[in-house]
Amino acid sequence: MTFQQQIKQGIPSELPAPKPYETNINHAPKRKEILSDDEKKLALRNALRYFEPQYHQVLAKEFLDELNTYGRIYMYRFRPEYKMYARPISEYPGNSEQAKAIMLMIQNNLDYAVAQHPHELITYGGNGAVFQNWAQYLLTMQYLSEMTDEQTLVMYSGHPMGLFPSHKEAPRVVVTNGMMIPNYSKPDDWEKFNALGVTQYGQMTAGSYMYIGPQGIVHGTTITVLNGGRKISKNGEGLEGKVFITSGLGGMSGAQPKAGNIAGCITICAEVNPKAVHTRHSQGWVDEVIVDLDQLTQRVLKAKENKEVVSIAFEGNVVEVWEHFAKENIYVDLGSDQTSLHNPWAGGYYPVGLSFEQANDMMANNPELFKQKVQESLRRQVDAINIHTARGTYFFDYGNAFLLESSRAGADIMAANGIDFKYPSYVQDIMGPMCFDYGFGPFRWVCASGKPEDLQKTDEIACKVLEEMIENSPKEIQQQMADNIRWIKGAQENKLVVGSQARILYADAEGRIKIAEAFNQAIATGEIGYVVLGRDHHDVSGTDSPFRETSNIYDGSRFTADMAIHNVIGDSFRGATWVSIHNGGGVGWGEVINGGFGMLLDGSADASRRLESMLFWDVNNGISRRSWARNEGAIFAIKRAMEAQPLLKVTLPNRVDDSVL
Ligand SMILES: NC(=O)c1ccc[n+]([C@@H]2O[C@H](COP(=O)([O-])OP(=O)(O)OC[C@H]3O[C@@H](n4cnc5c(N)ncnc54)[C@H](O)[C@@H]3O)[C@@H](O)[C@H]2O)c1
């Protein structure tokens, strides 16, 4: 059967042969036992509703086995035979170019080179799922292959509810992930309802098909490390010879060594999972691997002496590095952490003192003890970090809930006022005031032809647009513009593509619109093929997350989620090809609401109209909220936007003289 026929058949009418569990693949850890016997029956009933009754006998036994062995029903048997990767858009079957673009993006998110646990349909972050099981994948692809531009596919947390009549201007797909009644949004609720097969954790971009591999995050990480470097620079010097310690070589964290190299420092990135170390090292994302702490010390001293730009993976626990460097008196300039602490009890954080295997075993078989070990480890990690910061290290939270979970573990992490943390989040200090408040965020695109030449042309087009813009940019955003031009100029050379021909480029509203319009013109003239636009949810307007994206909002509204909800509703009626809204992602289930969009550019006048209307809203929604919260940069940016677009009228805040209070 051809690829197209396999897509069109959906769930096969004959049972495929069972698939062996492939041990060379990076699998999701076993999830903890959470369902009662009755609930297990419910989970089976739920799973079996995708299949004809004649197969229930066989599948019930098999699915129960999966549930008992892995804590979830993935339906491994239904994993397709064909290779999983983003094909050129022309290779997808269907009646709608927009739907084909979405198929391409789904497959990219499940590509073995891109996804963290491809057989469990997890793209990144340990639990960031595209679908809950393979039946959902098969059915969704089938729906996409038959739908027209007069229909909308409705996705409930990975489950395709079906095709509903709509119209050409409507999104082709509307995605929700993990939306819960607020009182049912505790970590164990995710464990339970995900095991039942009724919800999933979509992370920020996995469940919205917009993850583009670690490149997506390299750019943001580069900006963060560069600006962290500017913060600690005493005499305008750069990061040469300076040491940056962090952890994680997973989905996003794997971008850190590369970003460290681009920013020009010595990066030490600890990672406990040998498979993750191997993957990033073989992909060239980290230069060297060291397993011994003394060797690491020697290597770092040499690198400091020679002012080398180098990235080193330490295969082991990050707590050991912090403690060892404290003991050996190695000065650390910058420090952070990117373990998956949004998911601390189920494989996101590996406690010091346990081997990788011991930890995997304990989290499934003795979750209470495992939790204690995680908390002990966090207290130790914070104690060691505190020694370094007392010596001058600049430490920042990298949006992984490190400060939050450490505080819950009783670590010495609170500031003197007992309310704030000792250390800032990267959004409070860097991303928020320097980027988000001005509208700069992780704009991205994918060349749907799959051709590297198209990506190169789009890079050139985007660079030209920015170079023209910087000529007249106000001084407030000159640095950001210059950093982004430097990034796009180096993008080809830095070989950032993993999976689809994708690019990320931080840009503000004006930049995003101008770049997108220039792409659309190039498509119209046949210079390049179709382009899919999108962005990370981790952006100006997409995400309400009090400990991350909205951590630099100080009017008390950082615990509200109106902005993210408005964003996705507004995008959907301004021309997005698909929209998504998620609970959880980044800092954890119940801690964040985030949304995003995808948009296919096909060179048409319709696409020009849509991109302008939607991108303008997509950025300025967040700027207006940040401005209402009295953020200086945002007030500046929204006034500028009102001057450029007379139809925009935003309520501006009045300043209060505190002496009247
Ligand atoms: N950089 C950002 O801007 C940004 C953006 C979004 C999310 N995050 C957050 O960063 C975290 C990491 O994301 P990811 O996609 O890389 O997740 P991931 O789960 O793919 O990778 C985390 C890695 O940390 C390793 N690890 C866990 N505990 C460790 C320990 N004690 N010592 C050494 N290694 C350890 C794990 O083995 C894993 O490979 C997540 O919480 C994510 O939400 C960061």
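A short tour of the structure in this document, coming up. Please read these numbers as outputs of a predicted model, since none were measured by experiment.

1. What about a nonpolar patch on the surface?
And step 1. A cluster of nonpolar side chains, Met179, Ile565, Ile569 and Phe573, forms an exposed patch at the surface whose accessible area comes to about 370 Å².
And step 2. Position of Phe573 relative to the elements: it lies in the loop between helix H19 (562-572) and strand S16 (578-583).
And step 3. We classify Phe573 as exposed; its relative accessible area is 56%.

2. Quick look at the layout of surface pockets
And step 1. For the second largest pocket, the calculated volume is near 640 Å³.
And step 2. Looking at the second largest pocket, it is lined by 28 residues, and the ones nearest its centre are Ala509, Phe616, Asn620, Ala641 and Leu648.
And step 3. Those elements that place two or more of their residues in the lining of the second largest pocket are helix H18 (509-524), helix H20 (605-628) and helix H21 (632-644).
And step 4. Top contributing element to the lining of the second largest pocket by residue count: H20, with nine residues.
And step 5. Residue classes in the lining of the second largest pocket are distributed as 16 nonpolar, six polar and six charged.

3. Topic: the site of the ligand
And step 1. The ligand sits among 32 residues. The nearest are Ser253, Glu271, Ser340, His342 and Tyr350.
And step 2. In the model, an oxygen atom of the ligand is placed 2.7 Å from a nitrogen or oxygen of the Ser340 side chain.
And step 3. Between the ligand and His342 there is a distance of 2.7 Å, counted from an oxygen atom to a side-chain nitrogen or oxygen.
And step 4. Contact with the protein chains covers 98% of the free accessible surface of the ligand, which is 850 Å².
And step 5. Its residues assigned to classes, the shell around the ligand shows 11 nonpolar, 19 polar and two charged.

4. As for the packing of aromatic side chains
And step 1. Inspection of every chain in the model, using the stated rule, returns 27 aromatic pairs.
And step 2. For the ring pair Phe443 and Trp445, a centre distance of 6.0 Å and an interplane angle of 55 degrees mean the geometry is tilted. For the pair Phe443 and Trp445, a shared accessibility class is recorded, and that class is buried.
And step 3. Note on Trp445 and Phe519: the rings are 4.8 Å apart at their centroids and 65 degrees apart in plane angle, and the pair reads as edge-to-face.

5. Here we look at unusual backbone geometry
And step 1. Positive phi is not limited to glycine here, since Met75 has a value of about 65 degrees.
And step 2. Along the polypeptide, Met75 turns up in the loop between helix H3 (56-70) and helix H4 (97-110).
And step 3. For Met75, a relative accessible area of 0% corresponds to the buried category.
And step 4. In this model, Gln203 sits at a positive phi of 50 degrees, which is unusual for a non-glycine residue.
And step 5. With respect to the helices, strands and loops of the structure, Gln203 is situated in the loop between helix H6 (187-196) and helix H7 (215-232).

6. Some points on the pairing of strand S9 (residues 310-315)
And step 1. By the criterion of burial, S9 is predominantly enclosed, with five of the six residues buried.
And step 2. Strand direction decides the pairing type here: strand S7 (residues 266-271) and S9, joined by six bridges, are parallel. Following the sheet pairing, Cys269 is matched in S9 by Ala313.
And step 3. Note that strand S8 (residues 288-290) and S9 share three bridges and pair parallel. Across the sheet, residue Val289 finds its bridge partner in S9, namely Ala313.
And step 4. This β-α-β element, S8 to helix H10 (residues 293-305) to S9, shows right-handed connectivity.

7. Structural notes on the nonpolar core
And step 1. Core analysis: the biggest nonpolar cluster contains 143 residues, and Phe63, Ile106, Tyr137, Trp445, Leu533 and Leu601 have the highest contact counts within it.
And step 2. The residues contacting Leu533, other than those within four sequence positions of it, are Met210, Phe443, Arg444, Trp445, Ala516, Phe519, Phe597, Gly598, Met599, Leu601 and Leu615.
And step 3. Tyr350, Phe370, Ile385 and Ala411 belong to the second-largest nonpolar core, a separate cluster that totals 42 residues.

8. So, the environment of Glu632
And step 1. Position of Glu632 relative to the elements: it lies in helix H21.
And step 2. When the C-alpha atoms of Glu632 and Pro80 are compared, they prove to be 52 Å apart, with 552 residues separating the residues in sequence.

9. Digging into helix H2 (residues 37-48)
And step 1. Taking 1.5 Å per residue as the helical rise, H2 with its 12 residues ought to reach 16 Å, and the 17 Å between its terminal C-alpha atoms agrees with that figure.
And step 2. Where H2 is buried, its residues touch H3 and H6.

10. Observations regarding the environment of Met599
And step 1. Positionally, Met599 belongs in strand S17 (residues 593-601).
And step 2. Look at Met599 and you get buried, because its relative accessible area is 2%.
And step 3. Separated by 346 residues in sequence, Met599 and Ser253 have C-alpha atoms that sit 27 Å apart.

11. Describing the sheet that holds S9
And step 1. Here six strands make up an open sheet; going across it, the order is S8-S9-S7-S6-S10-S11 and the pairing parallel. Unpaired on one side and paired on the other, S8 and strand S11 (394-395) mark the two borders of the sheet.
And step 2. Examined bridge by bridge, strand S6 (residues 243-247) and strand S10 (residues 334-335) share two bridges and lie parallel to one another. Paired with Phe244 across the bridge in S10 is Leu334.

12. Topic: the pairing of S7
And step 1. A large share of S7 lies buried, amounting to six of its six residues.
And step 2. Of the two faces of S7, the one lined by Ile266, Ile268 and Ala270 and the one lined by Thr267, Cys269 and Glu271 are each fully buried.
And step 3. The pairing of S6 with S7 spans five bridges and is classified as parallel. By the bridge assignment for S7, Ser247 is matched with Ala270.
And step 4. Following the backbone out of S6, through helix H8 (residues 256-263) and into the adjacent parallel S7, one traces a crossover that is right-handed.

The rules behind these values
- Residues numbered from 1 in each chain as written.
- Predicted model: local features only at pLDDT ≥ 70, side-chain atom pairs only at ≥ 80, totals over all residues.
- Heavy atoms only, no water.
- Patch = residues over 30% accessible without salt bridge, like charges linked within 9 Å, V, L, I, M, F, W, Y side chains within 5 Å.
- Areas by Shrake-Rupley, 256 points an atom, 1.4 Å probe, with all protein chains shown as cover.
- Salt bridge = Lys/Arg side-chain N within 4 Å of Asp/Glu carboxyl O.
- Helix = DSSP H or I, 4+ residues; strand = E, 2+ residues; numbered from the N terminus.
- Buried < 20%, exposed > 50% of the residue type's maximum accessible area, 1.4 Å probe, protein only.
- 1 Å grid on protein atoms, 1.4 Å probe; cavity = no way out; pocket = protein on both sides within 12 Å on 5 of 7 lines; lining within 4 Å.
- Points joined across faces, edges and corners; volume = space filled by probe spheres on them.
- Nonpolar A, V, L, I, M, F, W, Y, C, P; charged D, E, K, R; others polar.
- Near = heavy atom within 4 Å.
- Polar contact = N/O pair within 3.5 Å; in protein donor to acceptor, adjacent residues only side chain to side chain.
- Phe/Tyr/Trp six-rings, centres within 6.5 Å; stacked < 30°, edge-to-face > 60°.
- Pairing = 2+ DSSP bridges.
- Right-handed = clockwise from strand over helix to strand, strands pointing away.
- Core = buried A, V, L, I, M, F, W, Y, C linked by side-chain atoms within 4.5 Å.
- Contact = heavy atoms within 4.5 Å.
- Expected span 1.5 Å × (residues − 1).

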